[in-house]
Amino acid sequence: MKKIFILSVIACAASMQVAAQGAIDDIVASVERNNNGLKASLAQMSADSINLRTSNNLEDPRIAFEYNFGDREGDKWGIGISQAFDWPALYGERATANRHRSNALAAAARAEAVETRLAARLLCLEIVRTNRLIDAQQLILNNVNELYALYSKAFEHGESSIIDLNKIKLERIAAVQALEELKSSRNSLKQQLAGMNGNKPFDGIVLDALNMYPADELRDIDFYRNLCATANPQAEYFAHLDNSIKSDVKAAKMGWLPKFELGYQYTNELGEGFNGVTAGVSIPLFSNKRKVAAAKAEALTNELRQASLGNENTSRINDEYARAVSLRSQLTQYGDVIADNANFTVLRKALDGGQITLLNYLLELRYFLDAKQKYLNLEHSYHATLASLARYL
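A. Structural detail: a nonpolar patch on the surface. A cluster of nonpolar side chains, namely Ile 63, Phe 65, Tyr 67, Phe 69, Ile 79, Ile 81 and Tyr 264, defines an oily patch on the protein surface of about 780 Å² accessible area. Listed by contribution, the elements that provide at least two residues to the nonpolar patch are strand 1 (62-68) and strand 2 (76-85). For the nonpolar patch, the element with the highest residue contribution is strand 1, accounting for three residues. Note on placement: Tyr 264 falls in strand 3 (residues 259-269). In this structure Tyr 264 comes out as partly exposed when scored by relative accessible area, which is 40%.

Written as structure tokens, this is what we have:
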């Protein structure tokens, strides 16, 4: 029977963790849909992509008209239209560069979305921590209120001193103040989360009831390394940018090739019309100067940034993984003695049975409350570290 009860408790806790995971995932998805910053970035990305496409257009056709006044033979006039264009292969190379740059812009937008989702998830985990601290503090306040009622009645019958009663009063004031501070902190977190969601409500989710962490487990460090290597949009951004810059270098080298202009010309002279074609060649002696060097410098800069990003990610994953392992170990040590509220129950029984004094009870109560708060803070830090490690899932 006892085994069945334990299994039932474990199953209930697991289902609550699954529900918590679902609620947090729903909140994060809602933030991604409604976040004004992400909407603005997507709009800017769309505008920038359109501007890139327009940068490879042909030049506008040129229409020219001339009228010359003659003293004896009569006037002369003419009209012509012409079209200038670069070396044909340049357009293909620019189109390739622009395509990669558009992909880079899209990857940058996804990278921003990753950071926004992580920020929303961390806020949710902070709300879970605060709700759990509120539950623990509320338990203490309830206990102190019960004591105050008992000792007030005992004082009225001359069975307790004013000193004991005042001790409980001071403890109750401190407990109420701590509870109010926690609730104020929770309200601030809720407002931040609402702001990230465009101040729209989270349908079907009560943030004050969000008090369970997701059932996340720490995986092997290679899992997080591979995840960062294959699903990191920042790395994708630099890869696309690298391809774009390579095409820019090729285009800059082609920039020394001549430009052409073809057109049609009609001239009317002394009442007689002349039709013909015009052709011209432009040699870019000055306009392409130093463009190749500039493109190569940009390629080197991007290569160094890629290397820097790789080093930063490697360092971050190593640090966060080591932190997660340490936190998990500390939680295991604490969990055996502080994870539940059994200590508070035992202390109360000892006080009611006369085994400890009121002063000792209050001191021990505060000691175990501090330990409980430390455990809850460690628990939050552990899950926040897991969320950061798994940000690209």
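After that view, the rundown keeps rolling.
B. Layout of the side chain of Thr 267. Relative to the helices and strands, Thr 267 resides in strand 3. Residue Thr 267 is classed as buried on the basis of its relative accessible area of 15%. Not counting the four nearest positions on each side in its chain, Thr 267 is found in contact with Lys 76, Trp 77, Gly 78, Glu 272, Gly 273 and Phe 274.

C. Spotlight on the confidence of the model for the protein. Chain-level statistics for the protein give a pLDDT mean of 86 and a share of 92% at 70 or above. Helix 5 (residues 221-231) holds the highest mean pLDDT among the elements of the protein, 94, whereas helix 1 (residues 2-34) holds the lowest, 64. Overall, residues 1-18 carries pLDDT values under 50, and its contacts beyond four positions in sequence, including any with other chains, amount to six contacts.

Cut-off values and rules
- Residues numbered from 1 in each chain as written.
- Predicted model: local features only at pLDDT ≥ 70, side-chain atom pairs only at ≥ 80, totals over all residues.
- Heavy atoms only, no water.
- Patch = residues over 30% accessible without salt bridge, like charges linked within 9 Å, V, L, I, M, F, W, Y side chains within 5 Å.
- Areas by Shrake-Rupley, 256 points an atom, 1.4 Å probe, with all protein chains shown as cover.
- Salt bridge = Lys/Arg side-chain N within 4 Å of Asp/Glu carboxyl O.
- Helix = DSSP H or I, 4+ residues; strand = E, 2+ residues; numbered from the N terminus.
- Buried < 20%, exposed > 50% of the residue type's maximum accessible area, 1.4 Å probe, protein only.
- Contact = heavy atoms within 4.5 Å.
- pLDDT = per-residue confidence, 0-100.

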